[in-house]
Every structure is written in structure tokens, then in C-alpha cells.
Amino acid sequence: MRLELGKIKISDLAFGPQTKVEAGTLYVNQAELEALILEDPALKSCTVHLAKPGEKTRIVPVKDVVEPRCKVSGPGGPFPGFISKVNPVGSGRTHVLSGAAVVTTGKIVGFQEGIIDMSGPGADYTPFSKTYNVVLDIEPVEGIEQYAHERAVRLAGLKTAVYLGEAGKDIKPDEIEVYELDPFTEAAAKHPNLPKVAYLMMLLSQGLLHDTFVYGVDTKKLLPTIIHPNELFDGAIVSGNCVSACDKNTTYHHLNNPVVKELYRRHGQDICFLGVVISNENVTLEDKERSSGYATKLIQMLGADAAVISEEGFGNPDADLIMNCERLEASGIKTVLLTDEYAGRDGASQSLADISPQADAVVSAGNANELIQLPPMETVIGNLAVTDVIAGGFEGSKAADGSLTVELQAIMGATNELGFGYVRGINY
Amino acid sequence: MAERKFRVVHYLNQFFGQVGGEDKANIPPEARDGALGPGMGLKAALGPEAEIVGTVICGDGYFAENIETATAQTMELVKKFNPDLVVAGPAFNAGRYGTACGAVCVAAQEQLKIPALTAMFAENPGVDLYKKELYIVATGDSAASMRQALPKMAALMLKLLRGESIGHPDEEGYIARGIRKNIIADKPGAARAVDMLVAKVKGEPFTSELPMPKFDRVAPNPPIKDMTQATIALVTSGGIVPSGNPDRIEASSATKFGKYNIAGVDDLTSEAYETAHGGYDPTYANNDPDRVVPLDVLRDLEREGKIAQVFDYFYSTVGNGTSVANSAQFGAEIAQDLKEAGVDAVLLTST
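About the criteria used
Residues numbered from 1 in each chain as written. Chains lettered and ligands numbered in written order. Predicted model: local features only at pLDDT ≥ 70, side-chain atom pairs only at ≥ 80, totals over all residues. Heavy atoms only, no water. Phe/Tyr/Trp six-rings, centres within 6.5 Å; stacked < 30°, edge-to-face > 60°. Helix = DSSP H or I, 4+ residues; strand = E, 2+ residues; numbered from the N terminus. Buried < 20%, exposed > 50% of the residue type's maximum accessible area, 1.4 Å probe, protein only. Lys NZ or Arg CZ within 6 Å of the ring centre and 35° of its normal. Salt bridge = Lys/Arg side-chain N within 4 Å of Asp/Glu carboxyl O. Pairing = 2+ DSSP bridges. Axes fitted to C-alpha atoms, helices over the stretch in contact; angles between N-to-C directions. Polar contact = N/O pair within 3.5 Å; in protein donor to acceptor, adjacent residues only side chain to side chain. Contact = heavy atoms within 4.5 Å. Buried area = accessible area lost by both parts, 1.4 Å probe. Nonpolar A, V, L, I, M, F, W, Y, C, P; charged D, E, K, R; others polar. Parallel < 35°, antiparallel > 145°, perpendicular 65-115°, else oblique. Left-handed = near helix turned anticlockwise from the far one by under 90°. Expected span 1.5 Å × (residues − 1). Domains from an automatic or database assignment. Arc of directions from axis to C-beta.

Engineer: A description of the packing of aromatic side chains should follow, citing residues and the corresponding values.
Structural biologist: Considering all chains together, one arrives at 17 aromatic pairs over all chains under this definition. Where B:Phe16 meets B:Phe92, the ring centres are 6.0 Å apart and the plane angle is 45°; that geometry is what we call tilted. Of this pair, B:Phe16 sits in the loop between β1 (6-13) and β2 (30-33) while B:Phe92 sits in the loop between β4 (85-88) and α4 (95-112), and the two are 76 residues apart along the sequence. Look at B:Phe16 and you get buried, because its relative accessible area is 15%. Residue B:Phe92 is classed as buried on the basis of its relative accessible area, which comes to 3%. Joined through ring pairs, the aromatic side chains of A:Tyr179, A:Phe233, A:Tyr264 and A:Phe273 make up one cluster. Above the face of the A:Tyr27 ring, A:Lys20 is positioned so that its terminal group lies 5.5 Å from the ring centre. One residue, B:Lys259, lies across the ring of B:Tyr313, its end atom 4.7 Å from the ring centre.

Below, the structure is given as C-alpha cells:
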């Protein structure tokens, strides 16, 4: 399967009479976009804001971030099962507005969405301080229940990403990345002397707004399955996850999965990349055992020597992570785990809820409990009042001058467990 | 105007405090003015910025047997010097001394609200007890490493006194406290993960970014159903050996264990047995070695028919500062021997 990702670099953002990309600037027709979003009868109001890198702007509470994309050629379209029909994606050509992002905000559960600061110390911890953000501040109709609210906001984000992405359809990309991976039997035959590596990607699926979707299917109901890495680039995996901001995988992260990119980059050099297995993180022991057993079996069937395992979320999913590690290691498949830590604000507690001597190769995306001071911002998009109840915030988080003291947990993507960022934990 | 020198109090045991050897291990805390023993080297390494204004000395045995009282007494003496920092040791691989150093430093931090620092060998039991709360400079296992230890201690002491931030354990020379901190790595996590995986597959060295806590869980065997049919063996880390220590088991950091025939022996007498252990007061063990290896009472049980028999050999090593790796190896070898001999159960005794 071969996919061309045409990257159109976005280096500025403005409202304008027509939604278009011109000389690296994304112009957004505000009224047209707002009207499009309000076609959903579940939504009462929507205000589109723009937030650029370096501005003194705080966006809170953030639910999801999506990258604008469109299909130029090849089967299917972006976000199959939601925006496009469920045809398989991942081949042909897709255009990306690289450097732009759609950010959805609005109070859904209040305590589980995150903060994006466009400048200041908090900006260093989120990748979305470096993107040109089209922010949707969305209010649902009265009396809507949380699940319907989450779904409406999720769809608004995806819809906007496609609406903006279409503006790049006829633009000549600045750069074309080609992702091509042979069927795993052929890949293994081509590189007989390289270690055969699979990627086990764990997706949050605890229910109660901690969900992920694959081709529109709720991953709670998923048996682990094989997915072609290119399918991720076209939005086959969508976040419906409101769990803590720092280590949830937004749809943007899924579209730009750094483990997939790194395995691609090194394919044929020092590894042979076989493919991706996705598994879930359900809450019952029976589900955990079924999924870890099934995922391990699939990775064995691929013929892998080794696997990278990435977690999503923390606490309960630590049990899935360790179970996956132990089963793979017991099958003779070497593992590296990608996780983050909850070692307490003083860093002195045990970092994971479950541990194992088999987990001897762990990459840590940092201690999410570490405190950070965020100075006041001139502009707040969304609702600053929620910071007292946001995950990672606490009573008294917000000082009179608008500055915040929060755990890194509250910052979008701060300790991302796909290894998107540079923060790491270390023993002192 | 001359700047005020930082005031430091040094805690030492009876040996490094030049009071005496194991015969003086029972002395309660006492204070001296100025530096002495290792304090002289420390004083030189500290330079003009800080001064060792006093030294408190306590016997290791006294401290170990009266931890709470000894800590309180030591604090009383330390307080009188009005120090800015307390330093203890280095204790190297001396377990009782290391524990005392840790207790004194933690008390200084908690009660006097001043920084404290000690130094010892990584396997000193004091490390596991106190590393989370304290900076413990890593030393070798004996006083031979004194010269290397003192400048590292002095450098860290000055940083603590100046209120400077303390760097990574590898740079500063202290034992990692298990405190997790965040840093910015030079590569994103995904790239680090693939690097680590490639190294692991190739069998090349790699360092996990999140070391797992130590695991040493042994699942207990099912209980003995009928003790009257059981053969019981005696195994000790208390160092009981035939007089003269024929296998020359080391007084600390043992590298071997001994296996001794006790067929026909009813009682471990002070004439025929002694302890080789250098980490505790041997008086009581030497007066009656049954206190550590209770052969006498096992023989009683054997005569009363409550157990089938006492195994014909007992095994002994010295647990004083002995590494986990060595201990695990001794354990495995002894267990294999006992299994082959058909022993049903083991009575494990320490000191």
C-alpha cells in the first residue's frame, strides 16, 4: 500500500471572505464555517476564533485537536465512518495543511479537558502552541446529555478539518512524503537480516467519554486487529476521549503517529517494519485478558521479533500495558514500552499502577504530576473557570491575576505516550 | 566585613571517632569540639567557606540497640553547636553505622530543619532505608575509598549550604534517590523507543528510562502436613562456625558459606563454635551459639517425636554487608543441596 502525503505548509492564519490557502496563509470564512457547524441540531452556538503561535492566548478547556486533510486521489476519504464512507483508506494521495489545526473547546465533563497556551512556559509543553489554530467554541442545545454533546463536538472538529482541508486540494504541496509498506510476508522476505518489528498501539476504551473509534467502530467492542499504518494518516482512528489532557491521543496525534513515522523511517535500515496492531483498554479483567492474548497472537502471526507498545491514559490502562508486555515477552517477542508517569508532585511515588520485571525497557514521557506555573494571558478562549476542576488543576489553581498553578497533566499533549514530545522522566 | 562561615557538625561512630573498636561499640553519644578523624579530610576539602565546629560520636552497638534514644541524644548534642548542616560518615559498608548515619541526618532535616548529608556503599542497608529522604554520596565498600569520598561529600555539602540546586546523581556523585523529575530529551519519545528496541533486539546495552522497583518475591511453599515426619535443617546468616572459622568466612561482605556436620551434636557449645560475623556484638552468640542456631531446642523436639529428625548438617554465612547477588547465589546452592538430601523444611535464622 502506497500513500503520498502532500504537505502544504501553513505559516499564517486570517479570517477572509473566502476559505482558501494562499502563499502559506490559511484564510477562513468565519460565517460559512459557523453555519456549517450549526447544521448539527445538537448545537446551539459556535464561535470560531483564531490563535497563532506566540500570541498571549490561553485556550481552555480543549477537547480534541484535528489536522485539516483532504483526499486528492485514491479510494475513500478522511475520517471514514464519520465524514467519509467506510471504504479502506491509506493509499493514493492526501493533502495536509501542515502547521494548521482545528481545536475544539467547550465544557463537556469540565474536569478532563486541557489547556493550550500559545506562548509562555506552558507553550513549551504542548505541540499545539506551534500550530495555527482554528478554535471552535461550541455550546450545545439545552438539556443535551454528555455523550451526545461529546459526539457533536467530535463531529464538528472532524467536519471543520475536512472543510479547511478541502482548501488545499488544488494547492501544490511544499513537500511530498511517500509511505509505502509491502505485505508483511514480502517485507520480511526482502529484509531477512533485519529484526522484524511490529507496533502494538493501545487505544483508550473505558467508556464514559474515554473512547476511541476505528472506521467509526467503538473500540470497546473491538477484538485487537491489524491495521495498515497508512490508514492512520487518513484518519481511520478518531479520538472521542476526554481523559486527561497530557496523555490522551488526540485525533491530530493519530494522524501524525510518531511511532509509525519512526518505524517507517528506519524500515530497511536497521529494522523491518511489519505493521500495526491496535488493541483496546477496557476496564474488566476478562476484556484485558482477551485483548492482550489476542493482540499477542496477532503479533506472533506477523512473525515479529520485537514490538513497540504505546499506552494511552494512565492508571487502569497500566494493567493492560504490563499484561501486553508480559505476554509478548513470554512469547519471545522483545518489547519497549512507551508510557508516562504519575510519580506524585514530589516525584517520590511509584510511577505506574502496575509493574513487572519483564518491563525492562521503558521510555518515559515524563511525570504528569509535576507542577508548572502558567502566567496570566491577555486572551482566554473558552472558560477559565474550569481550571479549578480540570484534571491536573486543583482548588486554588487560579490566582487572582489569572495565573495558574497546575500539574503538567492539564496541558494538552504534555506527556504524550506515542512519544510525540521531548519531555522525559529521569531518576534523581 | 568577613563573611560568616557555614557551621557544620560531623557524626562519627566510635571507630572513626577514634574512641575504640567493637569493645567501645556500646558508648552513648558524646560531643567534641572541632573536626577529627575523617573530619580532618573533610575540613580540608570544604575550604574556607565552611567549618566543622563539632563532632558527635556514638557507638554503633549503642545506636543500633537504642535508635530512638540515641537519635534524640545525638540531636541534643548537635543542636548545641547551632549548625547549618549535619554530615555523617562515610559509613562505607558498615550496616549499623550506615543506619545510624541515615537516622541522624533525617532527624537533623526534620527536627532542626537544616540540610544533612551522608555517604556510604551502595549496598549498605542504610541506603535503602534513607535514600529517598537524603543525599547519600556513593562510596566504595571500605575506608580505602575515603580519599575519593571526602571531596565529593564536601562539594555537595557546599551546594546544600549555599542553597544551590542539586544536579543529576551521576554528576553529583550521590545515590539516586528514586525521585522522578522531568527533563527535555534530545529526541522525541518515539525515536528513543525505537532506538531502545533496536539495542534490545541486538543484545546491545540500553538503559530503561523507568527502572522497575526491585523484585524478589518468593512464593511460599505449601505448609508441611505432618511435622512428625519432617526432616528439618538449620541455615543461618549469623556467622556461626566451628571454632577457628575453618572456611575463613569473611566478617563482612561474605563470598562463601560453610556446611558443618552436626550429627551426634546435641548443643552448640562456646568451646566448639563461635560467630564469624563482624556486624554485631558477638558476646551473646559466642557465649551460647544456640542463640543464633537453635540446635539444642530442635534436638528436644526430635526426642519428643515432634519432628522426625534434624538434618545432619547446618549451613552458615555472614549476612553483614553481603551483596544481594552473593546471597542469592548462596541461597540457590544451599537449597539445591537440601533438596537432594530430602530435607522437608528449613529454619532460617539471622543475627
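Engineer: Summarise the pattern of salt bridges; cite the residues concerned and give the values.
Structural biologist: Residue and element names in this part refer to chain A. A full pass over the atoms with the stated rule returns 45 salt bridges over all chains. The closest approach of N and O atoms between Arg265 and Glu262, which form a salt bridge, is 2.8 Å. Taken as a pair, Arg265 and Glu262 lie in helix α6 (residues 258-266) at a separation of 3 residues, close to a single helical turn. Two residues, Glu262 and Arg266, come together in a salt bridge whose shortest N-O distance is 3.5 Å.

Engineer: Could you give an account of the sheet that holds strand β12 (residues 309-316) of chain B, naming the residues involved and the relevant values?
Structural biologist: Residue and element names in this part refer to chain B. Taken together, 4 strands build an open sheet; the order of strands is β10-β12-β8-β13 and the sheet is mixed. Two strands close off the open sheet at either side, each with one partner strand: β10 (258-261) and β13 (345-349). Neighbouring strand axes in the sheet, compared pairwise and without regard to direction, differ in orientation by 25° on average. As judged from the 4 bridges shared by β10 and β12, these two strands associate in the antiparallel manner. Within β12, the residue paired with Gly258 across the bridge is Ser316.

Engineer: Account for the environment of A:Val423, with residues named and values stated.
Structural biologist: With respect to the helices, strands and loops of the structure, A:Val423 is situated in strand β25 (residues 423-427). Expressed as a C-alpha distance, the spacing of A:Val423 and A:Leu33, which sit 390 residues apart in the sequence, is 36 Å.

Engineer: I'd like a rundown of the side chain of A:Lys248, residues and numbers included.
Structural biologist: Residue and element names in this part refer to chain A. With respect to the element layout, Lys248 can be found in the loop between β17 (237-241) and α5 (251-255). Among the polar contacts made by the side chain of Lys248, one reaches the main-chain carbonyl oxygen of Lys63 at a distance of 2.6 Å. A distance of 3.2 Å separates the side chain of Lys248 from the backbone oxygen of Asn241, its partner in a polar contact.

Engineer: Break down the interface of chain A and chain B for me, with residues and values.
Structural biologist: Taken together, the 50 residues of chain A in the interface contact 39 residues of chain B. If you sort the residues of chain A by the area they bury against chain B, A:Tyr422, A:Arg424 and A:Tyr428 come out on top, with a joint share of 23%. With a shortest N-O distance of 2.5 Å, A:Glu341 and B:Arg180 are connected by a salt bridge. Our count for the contact surface shared by chain A and chain B stands at 25 residue pairs in polar contact (both at pLDDT 80 or more). Per-class residue counts for the side of chain A that touches chain B are 27 nonpolar, 13 polar and 10 charged. Direction of pairing for β25(A) relative to strand β7 (residues 180-184) of chain B: antiparallel, over a ladder of 5 bridges. Note on β7(B): the bridge partner recorded for A:Ile426 is B:Lys181.

Engineer: Outline the environment of B:Arg96, supporting the account with residue identities and numerical values.
Structural biologist: Counting through the fold element by element, B:Arg96 comes out in helix α4. Between the C-alpha atoms of B:Arg96 and B:Val265, which are 169 residues apart in sequence, the distance is 33 Å.

Engineer: Tell me about the packing of helix α3 (residues 67-80) of chain B against α4(B), and please be specific about residues and values.
Structural biologist: Residues and elements named next belong to chain B. α4 packs onto α3 with a crossing angle of 60° between their chain directions and a minimal axis gap of 10 Å. In terms of their interaxial angle, α3 and α4 are classed as oblique. Helix-helix and strand crossings are classified by hand; for α3 and α4 the assignment is right-handed. Contact residues: α3 offers Thr71, Thr74, Met75, Val78 and Lys79, while α4 offers Ala103, Val104, Ala107, Ala108, Gln111 and Leu112. Taken together, the residues of the contact of α3 with α4 sort by class into 7 nonpolar, 3 polar and 1 charged.

Engineer: Talk me through helix α8 (residues 316-330) of chain A; I want residue IDs and the actual numbers.
Structural biologist: Residues and elements named next belong to chain A. The end-to-end C-alpha distance of α8, which contains 15 residues, comes to 22 Å, matching closely the 21 Å that a straight helix rising 1.5 Å per residue would cover. Along α8, the positions that sit buried rather than exposed are Pro317, Asp318, Asp320, Leu321, Ile322, Met323, Asn324, Cys325 and Leu328. The secondary structure elements touched by the buried residues of α8 are β13 (196-204), β18 (272-281), α7 (285-302), β19 (306-310) and β20 (334-341). A positive backbone phi angle near 85° is found at Gly332, which sits one or two residues after α8.

Engineer: An account of the sheet that holds strand β14 (residues 210-214) of chain A is requested, with residue identities and associated values reported.
Structural biologist: All names here are of chain A. Strands sit in the order β15-β14-β17 across an open sheet of 3 strands; the sheet is antiparallel. Looking at which strands have only one partner, the edges of the open sheet turn out to be β15 (217-218) and β17. Where β14 and β15 come together, 2 bridges link them in antiparallel fashion. Paired with Phe213 across the two strands is Asp218, which belongs to β15. Sitting on the sheet, helix α2 (residues 146-165) is in contact with β14 and β17, with an inclination near 145° to β17.

Engineer: Residue-level account of the domain arrangement of chain B, with values.
Structural biologist: Each assigned domain of chain B is listed with its residue range as follows: domain 1 (6-172) and domain 2 (227-349). The straight-line distance from the C-alpha centre of domain 1 of chain B to that of domain 2 of chain B is 35 Å.

Engineer: Any details on unusual backbone geometry? Residues and values, ideally.
Structural biologist: A cis amide bond, omega -5°, links A:Val60 with the succeeding residue A:Pro61. Positionally, A:Pro61 belongs in strand β6 (residues 57-66). Look at the link from B:Gly89 to B:Pro90: it is a cis peptide, with omega at 10°. Within the fold, B:Pro90 resides in the loop between β4 and α4. Phi at A:Ala23 takes a positive value of approximately 50°, unusual for a residue other than glycine.

Engineer: Give me the lowdown on α3(B), citing residues and values where you can.
Structural biologist: All names here are of chain B. Its 14 residues give α3 an end-to-end C-alpha distance of 20 Å, which sits within 8% of 20 Å, the value for a rise of 1.5 Å per residue. Within the sequence span of α3, burial applies to Ala70, Thr71, Thr74, Met75, Leu77 and Val78. The buried residues of α3 occupy an angular sector of 165° when projected down its axis, which confines them to one face. Exposed and oriented more than 90 degrees from the buried face of α3 are Glu68 and Lys80. If you follow the buried residues of α3, they end up packed against β1, β2, β3 (50-58), α2 (60-65), β4 and α4. Residue Asn82 follows α3 closely and has a positive phi angle near 50°.

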